[in-house]
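Structural overview for review
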Amino acid sequence: MKECLECGEKIVGREDKKFCSDGCRNAYNNKMNKDSTNLMRNINNKLRKNYRILCELNPEGKAKTARTKLLSKGFDFEFFTSIYTTKTGNVYYFLYDQGYMAIENEGYVLVKKES
């Protein structure tokens, strides 16, 4: 007899079954998929917050904003998912498909990658 991967109870039913119930299956998968450390959870939260801010300030796919506006909304410039350097040397920082590039007078150009 096979045992449930979550609670250890004996499994009745199909041969390839791994869990005794939907509750055990959900509990097991939730444990496996949760952020394993506070550091990871905090970084993911900061990335999500930065992404929401860029989406809010860039609804049309291209916009300009000031550094002070980003900071006032809680944007953290230390957290991004990738860097893209153009052929002309411009550096864009991206959070998934939302990007930003510093321009003159502490301004920023906001862009959205086309899918």
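Going by the structure above, here's the rest.
Since this is a predicted model, take the numbers as computed values, not measurements.

Quick notes on the rules
- Residues numbered from 1 in each chain as written.
- Predicted model: local features only at pLDDT ≥ 70, side-chain atom pairs only at ≥ 80, totals over all residues.
- Heavy atoms only, no water.
- Helix = DSSP H or I, 4+ residues; strand = E, 2+ residues; numbered from the N terminus.
- Rg over C-alpha atoms; globule rule 2.2 N^0.38 Å.
- Buried < 20%, exposed > 50% of the residue type's maximum accessible area, 1.4 Å probe, protein only.
- Contact = heavy atoms within 4.5 Å.
- Areas by Shrake-Rupley, 256 points an atom, 1.4 Å probe, with all protein chains shown as cover.
- Pairing = 2+ DSSP bridges.
- Axes fitted to C-alpha atoms, helices over the stretch in contact; angles between N-to-C directions.
- Salt bridge = Lys/Arg side-chain N within 4 Å of Asp/Glu carboxyl O.
- Core = buried A, V, L, I, M, F, W, Y, C linked by side-chain atoms within 4.5 Å.

**With respect to the overall build of the protein chain**
For the protein chain, the helix and strand inventory stands at three helices and five strands. Scaling as 2.2 N^0.38, a compact globule of 115 residues should have a C-alpha radius of gyration of about 13 Å, whereas the protein chain reaches 22 Å, well beyond that. Summarising its shape, the C-alpha atoms of the protein chain cover approximately 70 × 30 × 25 Å along the three principal directions. Taking all 115 residues of the protein chain together, the buried fraction comes to 27%. Long-range contacts, defined here as pairs at least 24 residues apart, represent 34% of the contacts in the protein chain between residues at least 6 apart. Carbon together with sulfur atoms contributes 49% to the accessible area of the protein chain, which is approximately 8,400 Å² in total.

**Observations regarding the sheet that holds strand E5 (residues 107-112)**
For sheets, the rule is that strands pair by backbone hydrogen bonds, running either parallel or antiparallel. An order of E1-E5-E4-E3-E2 is seen for the five strands of this open sheet, with the pairing classed as antiparallel. Since the sheet does not close on itself, it has two edges, and those belong to strand E1 (62-66) and strand E2 (82-85), each with one partner. Strand-to-strand, the axes of this sheet are offset by a mean angle of 30°, without reference to chain direction. Direction of pairing for E1 relative to E5: antiparallel, over a ladder of five bridges.

**Overview of the pairing of strand E3 (residues 91-95)**
Examined bridge by bridge, E2 and E3 share four bridges and lie antiparallel to one another. Within E3, the position partnered with Tyr84 by the bridge is Tyr92. In this antiparallel pair of consecutive strands, E2 and E3, the connection spans five residues, and Gly89 shows a positive phi of 95°. Here E3 pairs with strand E4 (residues 98-103) via three bridges, running antiparallel. From the neighbouring strand, Tyr93 faces E4, where its bridge partner is Tyr100. Between E3 and E4, which pair antiparallel and follow one another directly, the connecting turn spans two residues, one of which, Tyr96, has a positive phi of 60°.

**Digging into the pattern of salt bridges**
Between side chains of opposite charge, a pair can form as their charged atoms come close. Under the criterion given, the structure shown has five salt bridges. Between Lys73 and Glu56 there is a salt bridge; the shortest N-O distance is 2.7 Å. With a gap of 17 residues between them, Lys73 in the loop between helix H3 (67-72) and E2 and Glu56 in helix H2 (residues 38-57) connect regions that are remote in the sequence.

**Points about the nonpolar core**
Within the largest apolar cluster, 13 residues are counted, with the highest numbers of intra-cluster contacts made by Leu54, Leu70, Phe75, Tyr100 and Leu110. If you list the elements that add at least two residues to this core, you get H2 and E5. The greatest single-element share of this core, amounting to four residues, is contributed by H2. Not counting residues up to four positions away in its chain, the partners in contact with Phe75 are Asn50, Ile53, Leu54, Leu70, Leu95 and Tyr100. With five residues, the next largest nonpolar core counts Tyr92, Met101, Val109 and Val111 among its residues.

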